[in-house]
Amino acid sequence: MMKRLFVMALLQTGLAAACYAQSDEYLQKKNVPDTILQPRNLVLAGTFNAQKALLQLFPGKYYHLSKEKYRNELINWECKTCKPKSYPDVNGDGDAVFPYSEGVATRLINEMDFKDATGLQYKVISFNHSVFDEEGLQTSRFTGGLLGLAKFVLTDGGWKLRMFQPAIKAYGAFSNCPAPKPLLIGNDQYAFMIRHSNGPGGGPFDGALFLVAGINGGYQQVMAAYGTERTAVGAEEGLSSWTSEYTVPAGDKKYFRDIVITLKGTATAKDTEGLPEEVKSLLKGKNKIRFTAVERYVYMGSKGYQLQLPVKATLLN
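Read on for a plain summary of the structure. None of the values given here were measured: they were computed from a predicted structure.

## Here we look at the overall build of the chain
Now for step 1: When its secondary structure is counted, the chain shows three helices and 19 strands.
Now for step 2: Here the C-alpha atoms of the chain give a radius of gyration of 21 Å, agreeing with the 20 Å that 2.2 N^0.38 yields for 317 residues.
Now for step 3: In terms of overall dimensions, the chain has C-alpha extents of about 65 × 55 × 35 Å along its principal axes.
Now for step 4: Taking the contacts inside the chain whose residues are at least 6 apart along the sequence as the reference set, 59% of them involve residues at least 24 apart.
Now for step 5: For the chain, the accessible area works out to roughly 16400 Å², and carbon and sulfur atoms hold 51% of it.

Structure, rendered in structure tokens:
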């Protein structure tokens, strides 16, 4: 009953227009073999189609529930012979045990194009796993969407699967992972930045940046930068808020170049949670300041990217 009330509230605001299967059309799922989570040979002939590629990777029950500007294509499946494994959820509310015992809904997030110095063409697709829901919903507020990545290279025979990571970590909210953005961090070396944000209803929402890169034939998270964003909350006074931008400065490193994150915003003495210590020092004796803070992350091998201290913080007029 409570779920139905929640669905109706979403429909009244138009937010669930494409995420809802009519009550008399409950969605189904298909049992698939455990080989879908194992390395495999896959070549796709013809023009690359990301949604069809995803269906080859996860050959479950496909549904197209999109309506107007709301997109909702999903593949529902379960794997009765798979051995579930725990994957961290950056929200900290417990790990995602994947494949989910209730079944899985897999959705395409985005498609990214690359070309290296030799002219080889690549496609990388990202996809989101959430718990199977017979109405096609994603409603868990403090649960991220479990991210997966697949990389294809164009060969004479077609698009050949080069790298496949069915699941990495869970990011975002409402079981929905934000779209990864490609970032050039070395010579023909692309990684994928995820801008994560979550918080209580009405905010403020706290943001973090996570970087996923290819290592040893698979994808894994190599950087976690917390406190990179704090959203403003309407007319409420006394709260700090800031935004962030990231860059990869030119340098002599061939791979895993330094990443610089610049914070810019307003800090108040009343609300210092999540601020770098160097910004808190600028607040001494003041009620409110405008600031910038520059954070540099350096790759440290098995430790991944690490924040270099001290952070460079300055006052703005």
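Once the structure has been displayed, the description carries forward.
## Observations regarding the pattern of salt bridges
Pairs may arise between side chains of opposite charge once their charged atoms sit close together.
Now for step 1: In total, this model carries eight salt bridges according to the counting rule given.
Now for step 2: One salt bridge in this structure joins Lys 29 and Glu 78, with 3.8 Å as the shortest N-O distance. Here Lys 29, found in the loop between α1 (2-13) and β1 (30-31), pairs with Glu 78, found in strand β4 (residues 73-78); they are 49 residues apart in sequence, far enough to count as distant.
Now for step 3: For Arg 230, the salt bridge is made with Asp 271, and the minimal N-O distance between the two is 3.1 Å.

## Side note on the pairing of strand β9 (residues 145-155)
Now for step 1: For β9, the buried fraction is high: eight of the 11 residues fall into the buried class.
Now for step 2: Relative to β9, strand β8 (residues 121-131) runs antiparallel, the two sharing eight bridges. Within β9, the residue paired with Val 124 across the bridge is Lys 151.
Now for step 3: Sheet topology places β9 next to strand β10 (residues 158-165); seven bridges connect them, and they run antiparallel. Across the sheet, the residue bridging to Leu 149 is Gln 165, located in β10.
Now for step 4: Taking the residues between adjacent antiparallel strands as the criterion, β9 and β10 are bridged by two residues.

## Remarks on the state of the cysteines
Now for step 1: One pass over the structure, following the stated rule, counts one disulfide.
Now for step 2: Residue Cys 79 pairs covalently with Cys 82 via a disulfide, S to S 2.0 Å. Taking the torsion about the sulfur-sulfur bond, which here is approximately 85 degrees, the covalent link between Cys 79 and Cys 82 counts as right-handed. As far as the burial class goes, Cys 79 and Cys 82 line up, both buried.

## A look at the side chain of His 129
Now for step 1: By the secondary structure assignment, His 129 is in strand β8.
Now for step 2: A distance of 2.8 Å separates the side chain of His 129 from the side chain of Thr 106, its partner in a polar contact.
Now for step 3: Residue contacts for His 129: discarding those within four places in its chain leaves Phe 58, Trp 77, Phe 98, Tyr 100, Val 104, Ala 105, Thr 106, Gly 145, Leu 146, Pro 166 and Ser 175.

## Comments concerning the pairing of strand β15 (residues 218-230)
Now for step 1: When strand β14 (residues 206-215) meets β15, the two strands line up antiparallel, connected through 10 bridges. In the strand pairing of β15, Ala 208 is matched with Tyr 226.
Now for step 2: Count of turn residues in the β14/β15 antiparallel hairpin: two residues, of which Asn 216 carries a positive phi of about 55 degrees.

## What to know about helix α2 (residues 50-57)
Now for step 1: Residues of α2 that are buried include every one of Ala 50, Gln 51, Ala 53, Leu 54 and Leu 57, and no others. Down the axis of α2, the smallest arc covering the buried residues is 160 degrees, so these residues share one side.
Now for step 2: Of the residues flanking the start of α2, the one acting as N-cap is Asn 49, its side-chain oxygen 3.1 Å from the backbone nitrogen of Gln 51.

Conventions and cut-offs
Residues numbered from 1 in each chain as written. Predicted model: local features only at pLDDT ≥ 70, side-chain atom pairs only at ≥ 80, totals over all residues. Heavy atoms only, no water. Helix = DSSP H or I, 4+ residues; strand = E, 2+ residues; numbered from the N terminus. Rg over C-alpha atoms; globule rule 2.2 N^0.38 Å. Contact = heavy atoms within 4.5 Å. Areas by Shrake-Rupley, 256 points an atom, 1.4 Å probe, with all protein chains shown as cover. Salt bridge = Lys/Arg side-chain N within 4 Å of Asp/Glu carboxyl O. Buried < 20%, exposed > 50% of the residue type's maximum accessible area, 1.4 Å probe, protein only. Pairing = 2+ DSSP bridges. Disulfide = S-S within 2.5 Å. Polar contact = N/O pair within 3.5 Å; in protein donor to acceptor, adjacent residues only side chain to side chain. Arc of directions from axis to C-beta.

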